[in-house]
Amino acid sequence: MNIRKLILTSGVMAIAALSIGAAVVAQDGDIVTEQSTDYLNDTSIANPIGELIETLQFQREPPYTIGFINWSTANSWTVQIVEEVRDEASLYPQIGEFIIVSSEGDADTQISQIEDMIVRGVDALLLIPVSPDAIVPAVEEAAEAGIPVVVFASDVNTDTYVTKLLANPRLFGQVGGEWLMNELDCQGNIIVLNGVTGISTSDLRRAGLQDAIDACPDGGAGITILAEEDAAWAYDQGRLATERMLAAYPEIDGVWSQGGAMTQGAIDAFEAASRDLVPMTGEDNNGFLLAWQERIPDGFRAMSASEPTWQSRVALQAALRILQGEPVNSYYELQVPTIYEDSVDQFVRPEYSDSYWANSRLSQEAADRLYLIEPAAEATPAS
Amino acid sequence: MTPSILTRARFERLNAPFLRAIPRVFFALALMVVVLGVLSPRSIEPNNLLSLIRQGATIGLVAIGQTVVLMSGGLDLSVGSVVILADVLGAQLINGRDENVVPVVLLVLFIGMIIGLVNGLLITRFKVTPFIATLGTNFIVFGAALIYSGGAPRGSVPDSFRFWGNGFVGGVFPTAALVWIVITLVIGALLVRTAYGRKLTAVGSNRRAATLSGVNDNRITLLAYVFSAVMASAGGLLLVSFIGVGTLEVGTDFLLSSIAAAVIGGTSFEGGRGTIWGTFGGVLFLMVLYSILTVLALPTSGRRIAEGLIILIALALYTRQQE
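Residues numbered from 1 in each chain as written. Chains lettered and ligands numbered in written order. Predicted model: local features only at pLDDT ≥ 70, side-chain atom pairs only at ≥ 80, totals over all residues.

(A) Quick peek at the overall build of chain A. Helix and strand counts for chain A stand at twelve helices and 16 strands. Relative to the globule expectation of 21 Å for 383 residues, the C-alpha radius of gyration of chain A, 23 Å, shows essentially globular dimensions. Structurally, chain A occupies a C-alpha span of about 65 × 60 × 50 Å along its principal axes. Across the 383 residues in chain A, those meeting the buried criterion constitute 50%. Partitioning the intrachain contacts of chain A with sequence separation of at least 6 by distance along the chain shows that 75% fall at a separation of at least 24. (Helix = DSSP H or I, 4+ residues; strand = E, 2+ residues; numbered from the N terminus. Rg over C-alpha atoms; globule rule 2.2 N^0.38 Å. Buried ≥ 20, exposed ≤ 12 C-beta atoms within 10 Å, placed from the backbone. Contact = placed C-beta atoms within 7 Å.)

So this is what it looks like as structure tokens:
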């Protein structure tokens, strides 16, 4: 009885472990016909603010084996990150093997995945750290093994990587905040939807809002933050939080949201409560852009800041540069693309699902595969 | 003479659960509503109160299932993933077409039943403890949702279906709230009036004694897990009806909320005690609590501490009064 239970329990756990953490091996051998953009030389995309690093010691002959440890597969943004970098990798015949795994947000998983990459002997490692501190020893181990590590999307507290590419979350928050202050003339009541307090991206974006408020001519005295809540960048929490705030406060003049689907939730909450829409900030997910575009004729004002999913392409290019022995900068700051009312039409894709992140460089084919919605059937004609 | 005594005894037996369990959580709930009203009179206006009930509906459905499982002496850790699978499947399969709604709803509930069956069989046939069994199923179900959606769920539900999660009956009463109330009344009545309900509490409070009395504890337990998974699927369908599109990123913690609501409502974590009406009160308690926390405008850290403290106090008061 005991052994049977043990076997069964292990079996269940094993199946469970296999189900999570997708590991994909992308084979490349396609001949490149299109050229990609050279991101690292474009300071409007990647601003080098560190120091120049020599990389001759990493130079090798192709074909290269490159590893990429992603943060999560349960998040449409990181899913698109993977698609973008796979798309990019297909342009370089010198990449022999491209191994992509996901840590599912768990530091222990990431540590063992880094060690696994070392054992496999990858030529370069792209990494989205799930924790700034917990994985430091593993990153240092990789560096000692002579593997150049390219960190992006999230920071890690060690200097042993070769280069890191980070979007500036504080700027993200500030750009939205500035726009909102402009819309409101630095006067009025606003509500704030945060991501997850304690996650640096969330806290930094929120700090950016404060920067924008403080930059008001009156130092922010005319602005009152009525309420602020974490909504985990999710529609349901964004909507519920906004509903609670709408119930409590008769006068809300603006919504500063850190993005995700929260702003969509806020829009729906306002409409469900029969309240007039107010200016709102958001991110570049397709669902929000569609909701925004639909309401522009009614006078709805919004903007979108973006932490682009194609930053993984830039990371891949950095890795390739390193493997070719070309110097790179130790820290590239990625700029924050924005979408305002005059450009929303260029980004929104009604034929794609809500999870598509519109500031994208995916090929048509890759995006179709991931996001194209089957058209709803025509209404059957009455017979 | 005799008939009226019998009638009265039957009445008291039927209503005893009512009188014992409801007052606790509903007293606490009434107090919370008063506090909310003092902090923010607007928040307790009728349509905002109705909104609160609607907000609790998805958690409410899941909590009904969790309550039954807790009453049987077990625990269902897989509900969160079942909700997500149901929402992703529902959106992608219905794909915006009215004619798909009914068959897909039935299919998703059926899949929920299968998942519940797997949980139940693991626990009853293979004697895996509920904690491990449902933990494993939780990962597998979420993995299935990931694989099915490819990480980027597509699909949406038509307006006719959104009526359930997002619409109003008679233009005033949120449909989701009505659905939740009706299901609560039906399931609650079934548990009180049927043999299954009595056997459920018997199994939960003392499995050995129940088995010796001839109760098929395996069947009772199995049905409890099947029911829980079906309710979680229903919750997921209501959720997708609320949101409008499929999503993996669900901010609500259905697992913890369902357990908290059940326990606040008087369901014992050890099994054998609990009512569906109590859980209803427990969910509303949480919704009012969140509104109070929003109005207090505490920083997030303070908010979390306050949330935990208030729930602990409510539980402590409840447990003391029970003894």
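There is more to say after this.
(B) Structural context of the overall build of chain B. Along chain B, the regular secondary structure elements total 13 helices and two strands. Relative to the compact-globule value of 20 Å for 323 residues, chain B shows a C-alpha radius of gyration of 20 Å, a close match. Along the three orthogonal principal directions, the C-alpha set of chain B runs to about 60 × 55 × 40 Å. Counting contacts in chain B only where the partners sit at least 6 residues apart, residues at least 24 apart contribute 79% of the total.

(C) Fine view of the domain arrangement of chain A. All names here are of chain A. Domain parsing of chain A yields domain 1 (22-29 + 36-168 + 309-336) and domain 2 (169-305). Just the C-alpha atoms count here: the centres of domain 1 and domain 2 sit 32 Å apart. With four residues of domain 1 at the interface, the matching set in domain 2 holds seven residues. (Domains from an automatic or database assignment.)

(D) Examining the interface of chain B and chain A more closely. Contact with chain B, which involves 40 residues of that partner, is made by 45 residues of chain A. Breaking the side of chain B that touches chain A down by element, the ones donating at least two residues are α2 (46-71), α5 (130-149), α10 (217-243) and α12 (276-296) of chain B. Among the elements that take part in the side of chain B that touches chain A, α5 of chain B stands out by supplying seven residues, more than any other. Residues that form the side of chain B that touches chain A fall into these classes: 17 nonpolar, 18 polar and five charged. (Nonpolar A, V, L, I, M, F, W, Y, C, P; charged D, E, K, R; others polar.)

(E) Region of the structure containing the packing of α2 of chain B against helix α7 (residues 175-193) of chain B. All names here are of chain B. The N-to-C vectors of α2 and α7 enclose an angle of 45°; their axes lie 8 Å apart at closest approach. As summarised for this structure, α2 and α7 are arranged oblique, according to the angle between their axes. Crossing geometry of α2 relative to α7 is assigned as left-handed. On α7, the residues that touch L50, I53, R54, A57, G60, L61 and I64 of α2 are A176, A177, V179, W180, I183, T184 and I187. Looking at the contact of α2 with α7 residue by residue, the classes come out as eleven nonpolar, two polar and one charged. (Axes fitted to C-alpha atoms, helices over the stretch in contact; angles between N-to-C directions. Parallel < 35°, antiparallel > 145°, perpendicular 65-115°, else oblique. Left-handed = near helix turned anticlockwise from the far one by under 90°.)

(F) Molecular detail of α12 of chain B. Residue and element names in this part refer to chain B. If you check α12, its first and last C-alpha atoms are 30 Å apart, about what 21 residues at 1.5 Å a residue would give, namely 30 Å. Burial analysis of α12 places 19 of its 21 residues in the buried class, which makes it a mostly covered element. Among the residues trailing α12, A297 stands out with phi positive, at a value near 50°. (Expected span 1.5 Å × (residues − 1).)

(G) Inspection of α7 of chain B at higher detail. In this model, α7 of chain B (19 residues) spans 27 Å end to end at C-alpha, consistent with the 27 Å of a helix rising 1.5 Å per residue. The set of residues buried in α7 of chain B consists of T175, A176, A177, V179, W180, T184, I187, G188 and L191 of chain B.

(H) How the structure looks around the nonpolar core. V150 and A319 of chain A together with F285 of chain B are the most contacted members of the largest nonpolar core, which totals 211 residues. When residues of this core are assigned to their parent elements, the largest contribution, 17 residues, is made by α10 of chain B. For this core, the two domains that each supply at least three residues are domain 1 (22-29 + 36-168 + 309-336) and domain 2 (169-305) of chain A. Residues contacting V150 of chain A, with those up to four places away along its chain left out, are A124, L126, L127, Y161, V162, T163, A315, A318 and A319 of chain A. (Core = buried A, V, L, I, M, F, W, Y, C linked by C-beta atoms within 7 Å.)

(I) Representation of the environment of E83 of chain A within the structure. Residue and element names in this part refer to chain A. With respect to the helices, strands and loops of the structure, E83 is situated in helix α2 (residues 76-89). Sequence separation between E83 and A273 is 190 residues; the distance between their C-alpha atoms is 38 Å. Residue contacts for E83: discarding those within four places in its chain leaves L362, A366 and L370.

(J) Inspection of unusual backbone geometry at higher detail. Residue and element names in this part refer to chain A. Of note, the bond from P62 into P63 is cis; its omega dihedral lies within 30 degrees of zero at 5°. When you line up the elements, P63 lands in the loop between β3 (52-53) and β4 (64-70). A positive phi angle, near 60°, is found at C186, a position not held by glycine. Note on placement: C186 falls in the loop between α5 (169-184) and β9 (188-194). Of note in this structure, A232 is not a glycine but carries a positive phi near 55°.

(K) Expanded view of the packing of α2 of chain A against helix α10 (residues 311-323) of chain A. Residue and element names in this part refer to chain A. Running from amino to carboxyl end, α2 crosses α10 at an angle of 45°, the nearest separation of the two axes being 7 Å. Judged on the interaxial angle alone, α10 and α2 are oblique. The chirality of how α2 crosses α10 is right-handed. Here I81, E84, V85, E88 and A89 of α2 come into contact with α10, specifically with S312, R313 and L316. Residues that form the contact of α2 with α10 fall into these classes: four nonpolar, one polar and three charged.

(L) Inspection of the environment of L146 of chain B at higher detail. By secondary structure assignment, the location of L146 of chain B is in helix α5. L146 of chain B has contacts with T73 and A74 of chain A together with G151 of chain B, leaving out every residue within four places of it along the chain.

(M) Spatial organisation of the confidence of the model for chain B. Chain-level pLDDT for chain B is 89 on average; 91% of the residues reach the 70-or-more range. In the model output, the complex is listed with pTM 0.85 alongside ipTM 0.85. (pLDDT = per-residue confidence, 0-100.)

(N) Examining the pairing of strand β13 (residues 302-305) of chain A more closely. All names here are of chain A. Side chains of β13 alternate between two faces, with A302 and S304 and M303 and A305 buried alike. As judged from the three bridges shared by strand β12 (residues 280-282) and β13, these two strands associate in the parallel manner. In the strand pairing of β13, M280 is matched with A302. With helix α9 (residues 286-295) bridging β12 and the parallel β13, this β-α-β connection has right-handed handedness. Note: β13 against strand β16 (residues 338-339), two bridges, orientation antiparallel. Note that in β16 the partner of A305 across the bridge is T338. (Pairing = 2+ DSSP bridges. Right-handed = clockwise from strand over helix to strand, strands pointing away.)

(O) Expanded view of the environment of V250 of chain B. For V250 of chain B, the position within the fold is in the loop between α10 and α11 (254-264). Of the residues examined, V250 of chain B has 22 C-beta atoms within 10 Å and is grouped as buried. Once the C-alpha coordinates of V250 of chain B and I84 of chain B are considered, the two residues, 166 residues apart in sequence, prove to be 7.4 Å apart. Look past the residues within four positions of V250 of chain B in its chain and what remains in contact with it is A234 and D236 of chain A together with V83 and I84 of chain B.

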